[in-house]
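# Geometric and topological summary
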Amino acid sequence: MKYGVVAFPSKKLQDLANSYRKRYDPHFSLITPHMTLKGVFEASDTEIEVLSNSIRNVVQRHKPFTLHATGISSFAPTTNAIYFKVDKTEALINLHEDLHKESLGLKAEHTFVPHITIAQKMSSGEHDDIYGQLKMAGLNHDETIDRLHLLYQLEDGSWTVYETFRLTGAEN
């Protein structure tokens, strides 16, 4: 089965993201707006129990962190995805690194760029038009994230929560 670890932003930020996603993101109906902390990985039923315990150990070492969304950016020309840019704080980097240590397997596939996707899988022309419009709208939003969610993918391609973990630790 496929799994991933994410942080869900507040309803306010999710509603803002969804106002774009419903038009520009074909995955709109498959997953709630989120910031990925550990990308998609495969695990069996027995493996996921061990990984779940490892995630529990990680969150016990990390405090809630501030998610500061600071604007709109894009992964173009690599991919025509547009996203809310999230500040890459030391707390976020440390949490991401801990979620990719050996006990949790799988090194990160890409360089960590904290973000919340709002548009993807567009033609280059469509991307350029939409990106210009969205960049002018701007964004400056702060909130505290105090929990992570282990998600799993259902047969229809949608994602749902397998387990939720509260950040309770002492690290920044």
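Above: the structure in question.
Scoring rules and cut-offs
Residues numbered from 1 in each chain as written. Predicted model: local features only at pLDDT ≥ 70, side-chain atom pairs only at ≥ 80, totals over all residues. Heavy atoms only, no water. Salt bridge = Lys/Arg side-chain N within 4 Å of Asp/Glu carboxyl O. Helix = DSSP H or I, 4+ residues; strand = E, 2+ residues; numbered from the N terminus. Core = buried A, V, L, I, M, F, W, Y, C linked by side-chain atoms within 4.5 Å. Buried < 20%, exposed > 50% of the residue type's maximum accessible area, 1.4 Å probe, protein only. 1 Å grid on protein atoms, 1.4 Å probe; cavity = no way out; pocket = protein on both sides within 12 Å on 5 of 7 lines; lining within 4 Å. Points joined across faces, edges and corners; volume = space filled by probe spheres on them.

Attention now moves to the pattern of salt bridges. Inspection of the entire model under this criterion finds 7 salt bridges. Salt-bridge contacts for R61 lead to D98; the nearest nitrogen and oxygen are separated by 3.3 Å. One end of the pair, R61, is in the loop between helix 2 (45-59) and strand 3 (65-74); the other, D98, is in helix 3 (residues 90-98), and 37 residues separate them in sequence. Put simply, D98 and K101 hold a salt bridge, and the shortest N to O gap is 2.9 Å.

This part is about the nonpolar core. If you look at the biggest cluster of nonpolar residues, it comprises 41 residues, and the most contacted ones within it are M35, L37, F65, I82, F84 and L148. The element contributing the most residues to this core is helix 2, with 5 residues. In this structure, V6, I31, L151 and W159 belong to the second largest nonpolar core, which totals 5 residues.

Before going further, it helps to spend a moment on the layout of surface pockets. When its volume is computed, the largest pocket comes out at roughly 1,300 Å³. Taken together, 37 residues line the largest pocket, and the ones lying closest to its centre are T36, G39, V40, H110 and H115. For the lining of the largest pocket, the secondary-structure elements that each account for two or more residues are strand 1 (2-7), strand 2 (35-42), strand 5 (115-119) and strand 7 (147-153). Broken down by element, the residue count for the lining of the largest pocket peaks at 5 residues, all from strand 2.

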